[in-house]
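# Fold and geometry: a report
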Amino acid sequence: MNTADQYLKTVFVVQQLEDGPASTGALADRLDVSPASVNEMIGKLEDRGLVTHEKYKGAALTDDGEARAVEALGTYCILERFLANVLDVEEYREEARQLEPVIDETVADRLDMIIDREPDCPACFDPEADACGKLVEELEGVQADD
């Protein structure tokens, strides 16, 4: 997954949280980058026809941008599930965020063969938790049983 895909995924999540266009400030906070960096990348994504951007209102995904964002979200969910269920990494969310820029489609597909991913993934993604909703439920259920 490349940086553009990370931005698209983040726009998708923030749009769900804000129930409308993703503000530059919200994107900068979630990506832990400066608002200037967000503006620069949003401009590039707009040039590619992946987002629309209206000053002071925010960025919205186009149909092509949403398709790529959902694909990126799927890769992120694969990473989370692999780290949590296969490698038993406690801080799987943080690790997934660090790994997502360097995981390509081939690696994601191979990891997907190892994990037990939900058939509705990535629709199960919980923007509030910023994680796979079903994975969070599974792990909370395991912790409650301990």
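Anything mentioned here points back to the structure above.
A brief report on the enclosed structure follows. Fair warning: this is a prediction, and the values are worked out from it, not measured in the lab. (Residues numbered from 1 in each chain as written. Predicted model: local features only at pLDDT ≥ 70, side-chain atom pairs only at ≥ 80, totals over all residues. Heavy atoms only, no water.)

## A look at the side chain of R81
Within the secondary structure layout, R81 lies in helix 4 (residues 63-86). Ignoring anything within four residues of it in the chain, the contact list for R81 reads V86, I115, D116, R117, E118, C132, K134, L135 and E138. (Helix = DSSP H or I, 4+ residues; strand = E, 2+ residues; numbered from the N terminus. Contact = heavy atoms within 4.5 Å.)

## So, unusual backbone geometry
Outside of glycine, negative phi angles account for most residues, and trans bonds account for most peptide bonds. Even without being glycine, D19 reaches a positive phi, approximately 50°. With respect to the helices and strands, the residue D19 is situated in the loop between helix 1 (3-18) and helix 2 (24-31). Judged by relative accessible area, D19 falls into the exposed class, the value being 71%. Even without a glycine there, the phi angle at D88 is positive, about 55°. Take D88: it is sitting in the loop between helix 4 and helix 5 (92-99). (Buried < 20%, exposed > 50% of the residue type's maximum accessible area, 1.4 Å probe, protein only.)

## A short note on the pairing of strand 2 (residues 58-61)
In strand 2, alternate side chains face the same way, and those of G58 and A60 on one face and A59 and L61 on the other are all buried. Pairing between strand 1 (residues 51-54) and strand 2: 4 bridges, direction antiparallel. Across the sheet, T52 pairs through a bridge with A60, a residue of strand 2. (Pairing = 2+ DSSP bridges.)

## Description of the nonpolar core
Of all hydrophobic cores here, the largest spans 41 residues; its most connected members are L8, L27, I42, L45 and L61. Those residues in contact with L8, other than ones at most four positions away along the chain, are L45, L50, V51, L61, G65, R68 and A69. (Core = buried A, V, L, I, M, F, W, Y, C linked by side-chain atoms within 4.5 Å.)

## Quick look at the packing of helix 4 against helix 6 (residues 105-114)
Relative orientation of the contacting elements helix 4 and helix 6 amounts to 45°, with a least axis distance of 9 Å. Considering the angle they form, helix 4 stands oblique to helix 6. Here helix 4 runs over helix 6; the crossing is left-handed. Contacts between helix 4 and helix 6 involve E71, T75, I78, L79, F82 and V86 on the former and, on the latter, E105, A108, L111, D112 and I114. Tallied by class, the residues present in the contact of helix 4 with helix 6 amount to 7 nonpolar, 1 polar and 3 charged. (Axes fitted to C-alpha atoms, helices over the stretch in contact; angles between N-to-C directions. Parallel < 35°, antiparallel > 145°, perpendicular 65-115°, else oblique. Left-handed = near helix turned anticlockwise from the far one by under 90°. Nonpolar A, V, L, I, M, F, W, Y, C, P; charged D, E, K, R; others polar.)

## Section: helix 2
Turning to helix 2, its buried residues number three or more, namely T24, A26, L27 and A28. In the core, the buried residues of helix 2 are packed alongside helix 1, helix 3 (35-47) and strand 1. D32 sits one or two positions beyond helix 2 and adopts a positive phi of about 55°.

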